[in-house]
Amino acid sequence: MSDTNEQFGKQTRQDDPLMIAEDWMKAGRDVAIATVVETWGSAPRPVGSHLVIDAEGNFEGSVSGGCVEGAVVAEAADVLAQGTPRMLEFGVADETAWEVGLSCGGRIKVFVERLG
Amino acid sequence: MDPLSLKKLNALRRERRAAILLTELTDGRDRVIREGDPVAGSLGEAVARAFRSGRSGAVEIDGNSFFLNVHLPPPRLVVIGAVHISQALAPMARIAGFDLTIIDPRTAFASPDRFPGVDLHAEWPDEVLKSAPLDAYTALAALTHDPKIDDPAILAALKAECFYIGALGSRKTHAKRVERLMAAGAKSEAVARIEAPIGLDIGASTPAEIAVAVLGSVIAALRSRGLMAKDGTGKEQAA
């Protein structure tokens with residue numbers, strides 16, 4: 001997608017994570033929402049991108065184009081259980097970032113919260 | 001996230017309205033701000049800046065950390081006239097990331113064979129715009145040369161405050177158009193926003209080159225939104 005679409009008009013179609021989150025909520029599923037709130041260097045997804053996760057670990061959207069989604073999904077399970085939001089940070093300076101695969105040279109901060 | 005915030009935000013996005021989801025990062029409390037909603041102080045300035053740039057980001061205000069997630073509608077380009085220029089403009093606009101609609105009541109022009117895969121309407125602009133109204137995130141290019149078709153669409157675009165309005169025709173043609181639009185009740189400062197002759201001044205001579213010039217103007221207007229509102233033309237700032 002072009003840069004135009006990154007700033008103007010995040011998708012409002014079927015594959016839109018926030019629309020999916022609303023559908024899941026209406027279907028009675030517990031939903032966590034992860035949001036990229038800061039990036040440094042060559043982060044693959046722009047600030048404001050979402051990943052939505054349900055209690056079974058199903059997820060839609062992306063916060064890093066696949067690099068750290070696994071770790072975010074795991075944290076989301078705790079956030080869903082406890083209800084308190086948390087801030088996650090991934091980057092090459094961080095051992096865990098290497099482990100989870102963010103080897104592309106960027107750093108990202110991801111806010112994970114429960115819907116409701 | 002508050003479920004009510006999510007519902008409100010998604011409803012605004014479906015309606016093609018600009019909105020910001022403001023989240024306090026310390027406790028996760030959030031609220032939805034629509035474009036034009038009053039927000040006081042430094043936070044208000046950050047909100048205005050975010051609407052203008054379309055850029056989401058975190059801000060620190062009075063020791064509190066906020067995240068502003070900006071949701072602007074996808075930019076649309078509505079072209080009046082299924083003409084030669086439009087045939088070149090359709091694929092270019094799609095590549096540049098615009099949702100494109102072409103309207104022309106002349107069925108010989110608005111034939112699907114000439115515009116494969118394009119959202120094409122062989123109807124009068126008024127009829128089409130009734131079901132898909134113009135808005136501030138839509139650009140209008142009037143290309144038919146026929147006042148009966150172009151004028152009502154231009155009037156609708158002025159009323160909807162489209163971020164860009166351009167009309168094909170020489171200065172002389174445009175002078176007559178301005179007279180007609182004013183007679184139809186348009187205000188002079190609004191009429192002054194119409195770009196005519198249409199498109200960036202790049203010496204375009206073929207229909208495809210004119211399409212490039214038009215798309216260039218549309219992008220310049222999109223990227224100078226807000227600045228444009230201040231001086232009425234956006235030309236100086238956009239340059």
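Presented here is an overview of the structure given in this document. Note that the coordinates shown come from a computational prediction; the quantities given were computed from them, not determined experimentally.

Rules and cut-offs
- Residues numbered from 1 in each chain as written.
- Chains lettered and ligands numbered in written order.
- Predicted model: local features only at pLDDT ≥ 70, side-chain atom pairs only at ≥ 80, totals over all residues.
- Heavy atoms only, no water.
- Helix = DSSP H or I, 4+ residues; strand = E, 2+ residues; numbered from the N terminus.
- Buried < 20%, exposed > 50% of the residue type's maximum accessible area, 1.4 Å probe, protein only.
- Contact = heavy atoms within 4.5 Å.
- Areas by Shrake-Rupley, 256 points an atom, 1.4 Å probe, with all protein chains shown as cover.
- Pairing = 2+ DSSP bridges.
- Axes fitted to C-alpha atoms, helices over the stretch in contact; angles between N-to-C directions.
- Parallel < 35°, antiparallel > 145°, perpendicular 65-115°, else oblique.
- Left-handed = near helix turned anticlockwise from the far one by under 90°.
- Nonpolar A, V, L, I, M, F, W, Y, C, P; charged D, E, K, R; others polar.
- Expected span 1.5 Å × (residues − 1).
- Arc of directions from axis to C-beta.
- Polar contact = N/O pair within 3.5 Å; in protein donor to acceptor, adjacent residues only side chain to side chain.

Looking now at the overall build of chain A. Assigned secondary structure in chain A consists of four helices and five strands. Helices and strands appear in chain A in the N-to-C order α-α-β-β-β-α-β-α-β. Split into buried and exposed, the 116 residues of chain A put 46% on the buried side. Expressed as a percentage of contacts within chain A between residues at least 6 apart in sequence, the contacts between residues at least 24 apart total 50%. When the accessible surface of chain A is summed, it comes to about 5,300 Å², and 46% of that surface belongs to carbon and sulfur atoms.

This brings us to the sheet that holds strand S3 (residues 59–61) of chain A. Residue and element names in this part refer to chain A. In space, the five strands of this open sheet follow the order S3-S2-S1-S5-S4, with antiparallel pairing throughout. Of all strands in the sheet, those with a lone pairing partner are S3 and strand S4 (86–91), marking the two edges. For this sheet the average axis-to-axis angle between neighbouring strands, irrespective of direction, equals 20 degrees. Here three bridges tie strand S2 (residues 50–54) to S3, and the two strands are oriented antiparallel to one another. For Leu 51, the partnering residue across the bridge sits in S3 and is Gly 61. Seen against the sheet, helix H2 (residues 17–26) touches strand S1 (31–40), S2 and S3 and runs at an angle of roughly 20 degrees to S2.

All names here are of chain B. Packing of helix H3 (residues 84–95) against helix H8 (residues 207–223) brings their axes to within 8 Å, and their N-to-C directions diverge by 50 degrees. With respect to each other, H3 and H8 are oriented oblique. Judged by the sense of rotation from one axis to the other, the crossing of H3 with H8 is right-handed. Across from His 84, Ile 85, Ala 88, Leu 89, Met 92 and Ala 93 in H3, the residues of H8 making contact are Pro 207, Ala 208, Ile 210, Ala 211, Val 212, Val 214 and Leu 215. A class-by-class count of the residues in the contact of H3 with H8 yields 12 nonpolar, one polar and no charged.

Next up on the list: helix H1 (residues 3–14) of chain B. Between its first and last C-alpha atoms H1(B) spans 17 Å; for 12 residues at 1.5 Å apiece the expected length is 16 Å, and the two agree. Burial in H1(B) covers these residues: Ser5(B), Leu6(B), Leu9(B), Asn10(B), Leu12(B) and Arg13(B). Buried residues of H1(B), viewed axially, fall in a sector of 160 degrees; they line one side. Buried residues in H1(B) make contact with H2 of chain A together with strand S1 (19–24), strand S2 (30–34) and strand S4 (64–71) of chain B. Between the side-chain oxygen of the N-cap and the backbone nitrogen of Leu4(B) there are 2.8 Å, and the N-cap of H1(B) in question is Asp2(B). At the C-terminal side of H1(B), Arg16(B) shows a positive phi close to 60 degrees.

Moving on: the packing of helix H5 (residues 147–160) of chain B against helix H6 (residues 171–183) of chain B. All names here are of chain B. Contact geometry of H5 with H6 gives a least axis separation of 11 Å together with a crossing angle of 55 degrees. With respect to each other, H5 and H6 are oriented oblique. The way H5 lies across H6 gives a crossing that is right-handed. Two secondary-structure elements touch here, H5 through Pro 147, Asp 151, Ile 154 and Leu 155 and H6 through Arg 177, Arg 180 and Leu 181.

All quantities given are derived from atomic positions and should not be read as evidence of function.
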